[in-house]
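Chain by chain, the residues run as shown.
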Amino acid sequence: MALPYLQNFSLEGRIALITGAARDIGLAIAQAMAGSGAHVILNGRDPAALADAAARLRQDGLSASTLAFDVGDATALKQAFAEIAAQYGRLDILVSNAGLRNRKPLQDFGDDDLQRMFDINLIAPYRLAREAARLMLPQRSGHLIFVTSIAGQVARGGDAVYTGAKQGVTGMMRALAAEYGPLGITSNAIAPGGVATTANAAMLADPQALAHFAMRTPLGRWAQPQEIAGAAVFLASPAASYVNGHVLTVDGGMTIAM
């Protein structure tokens, strides 16, 4: 039996750029969006890793290409969007996922470390949104999706810089929802909880950290990257056409549990 409503979750014919897409959450989002019909442009800094990830998607019959650049490099970022415009003539979906994690007390951050953290985690999303919107505004449609973190809602000691940057992205997202909403572009965020990613490898190897997350999370475990991807497909799909300025928390219930 056909299920026509599922067409509302289709991304058929859409062009999507996913930053930080060579592995973990970014790659899972790319797989899910490509599996929903989009052509996905995988971004990262390592051309070889990107090529391998895209090849795996194409082996599954999915549509994928690569665009290697450092989101912290303003010149390279702007050139990348010029290449997207020249090759595709449009952009329908931006997933700003690339991030930098450096867990340590504020006193241990030098100025250069601080600048790099904010360049990648806060300034780059601003630039990505600005350049994506340049391509979306003429078509009066598009979806800006920012992968933030529950660290933008709740805090732990020794993580102030990352937490502050992620909260800044949430504020930017809401402001862009108000700015671009009247022009047909939605702006939303996904806030994952504990996810089994490369950046969290040290915590995953720490029995005390594992026990802490199991105790704090009603589902009693860490998420896998693919468990974040469905939220991105939803926010980019016609099913979410009236969702704007929202943070979709995907944390197993961690932020609502006492």
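The preceding data block contains the structure.
Quantities reported herein were computed from a predicted structural model and do not represent experimental measurements.

Asker: Explain the packing of aromatic side chains to me, using residue names and the numbers behind them.
Answerer: Any aromatic ring pair is given by two values, namely how distant the centres are and how the planes are angled relative to each other. Under the counting rule described, the total for this entry stands at three aromatic pairs. An aromatic cluster is built from Tyr 5, Phe 9 and Phe 234, whose rings are joined through pairwise contacts. Directly above the ring of Tyr 162 sits Arg 101, whose terminal nitrogen or CZ lies 3.7 Å from the centroid. Against the face of Phe 109 rests Lys 104, its NZ or CZ located 4.9 Å from the ring centre.

Asker: Account for the pairing of strand S3 (residues 64-68), naming residues and giving values.
Answerer: As paired strands, strand S2 (residues 39-44) and S3 are joined by five bridges and run parallel to one another. Bridging across to S3, Leu 42 finds its partner in Thr 66. Of the crossover connections in this fold, the one passing from S2 over helix H2 (residues 47-59) to the parallel S3 is right-handed.

Asker: Residue-level account of unusual backbone geometry, with values.
Answerer: One non-glycine residue, Asp 24, adopts positive backbone phi at about 55°. Along the chain, the position of Asp 24 falls in helix H1 (residues 24-35). For Arg 140, which is not glycine, the phi dihedral falls at a positive 50°.

Asker: How would you explain the side chain of His 143 if you had to name every residue and give the values?
Answerer: Tracing the sequence through the fold places His 143 in strand S5 (residues 142-147). A relative accessible area of 11% means that His 143 is categorised as buried. Among the polar contacts listed, one links the side chain of His 143 to the side chain of Thr 186, at a separation of 2.8 Å. Once you skip the residues sitting within four places of it in the chain, His 143 turns out to touch Arg 14, Asp 92, Ile 93, Leu 94, Met 136, Ile 185, Thr 186, Leu 235 and Ala 236.

Asker: Run through the pattern of salt bridges, naming residues and quoting values.
Answerer: As enumerated under the stated definition, the model contains nine salt bridges in all. Here Asp 92 and Arg 90 are joined by a salt bridge, their closest N and O atoms 2.4 Å apart. The class of Asp 92 is buried, set by a relative accessible area of 3%. Taking the shortest distance from any N to any O, the salt bridge between Arg 101 and Asp 159 comes out at 2.3 Å. On the criterion of sequence distance, the pair formed by Arg 101 in the loop between strand S4 (93-96) and helix H4 (111-136) and Asp 159 in the loop between S5 and helix H5 (160-180) is long-range, its members being 58 residues apart. Judged by its relative accessible area of 5%, Asp 159 is buried. Connected through salt bridges with shared partners, the residues Arg 130, Glu 131 and Arg 134 form a single ionic network.

Asker: An account of the sheet that holds strand S1 (residues 15-18) is needed here, citing residue identities and associated values.
Answerer: Taken together, seven strands build an open sheet; the order of strands is S3-S2-S1-S4-S5-S6-S7 and the sheet is parallel. Every interior strand has two partners, whereas the edge strands, S3 and strand S7 (247-250), have only one. Each strand axis lies, on average, 20° off the axis of its neighbour in the sheet, ignoring direction. The sheet contact formed by strand S6 (residues 185-192) and S7 spans four bridges and is parallel. Bridge pairing links Ala 189 to Val 247 in S7. Its contacts with the sheet put H2 on S2 and S3, and the angle it makes with S3 is roughly 170°. Docked against the sheet, H5 engages S5, S6 and S7, running at close to 165° with respect to S5.

Asker: Before we move on, can you summarise the environment of Ala 48 with the specific residues and values?
Answerer: Note that Ala 48 resides in helix H2. Residues Ala 48 and Thr 66, 18 residues apart in the sequence, show an inter-C-alpha distance of 10.0 Å.

Asker: Could you give me a rundown of helix H3 (residues 74-88), with the residues and numbers involved?
Answerer: Relative to the 21 Å expected for 15 residues at 1.5 Å per residue, H3 spans 21 Å between its end C-alpha atoms, a close match to the ideal helical length. Regarding H3, the residues found buried are Leu 77, Ala 80, Phe 81 and Ile 84. Taken end-on, H3 shows its buried residues confined to a sector of 95°, consistent with a single buried face. Away from the buried face of H3 by more than 90 degrees, exposed residues Thr 75 and Ala 86 are located. Residues of H3 that are buried in the fold lie against S1, S2, S3 and H4. Near the N-terminus of H3, the side chain that reaches the backbone nitrogen of Thr 75, with its oxygen 3.1 Å away, is that of Asp 73. In the segment just after H3, Gly 89 is the residue with positive phi, at about 75°.

The rules behind the values
Residues numbered from 1 in each chain as written. Predicted model: local features only at pLDDT ≥ 70, side-chain atom pairs only at ≥ 80, totals over all residues. Heavy atoms only, no water. Phe/Tyr/Trp six-rings, centres within 6.5 Å; stacked < 30°, edge-to-face > 60°. Lys NZ or Arg CZ within 6 Å of the ring centre and 35° of its normal. Pairing = 2+ DSSP bridges. Helix = DSSP H or I, 4+ residues; strand = E, 2+ residues; numbered from the N terminus. Right-handed = clockwise from strand over helix to strand, strands pointing away. Buried < 20%, exposed > 50% of the residue type's maximum accessible area, 1.4 Å probe, protein only. Polar contact = N/O pair within 3.5 Å; in protein donor to acceptor, adjacent residues only side chain to side chain. Contact = heavy atoms within 4.5 Å. Salt bridge = Lys/Arg side-chain N within 4 Å of Asp/Glu carboxyl O. Axes fitted to C-alpha atoms, helices over the stretch in contact; angles between N-to-C directions. Expected span 1.5 Å × (residues − 1). Arc of directions from axis to C-beta.

It is worth stressing that arrangement in space is one thing and function is another; only the former is reported here.
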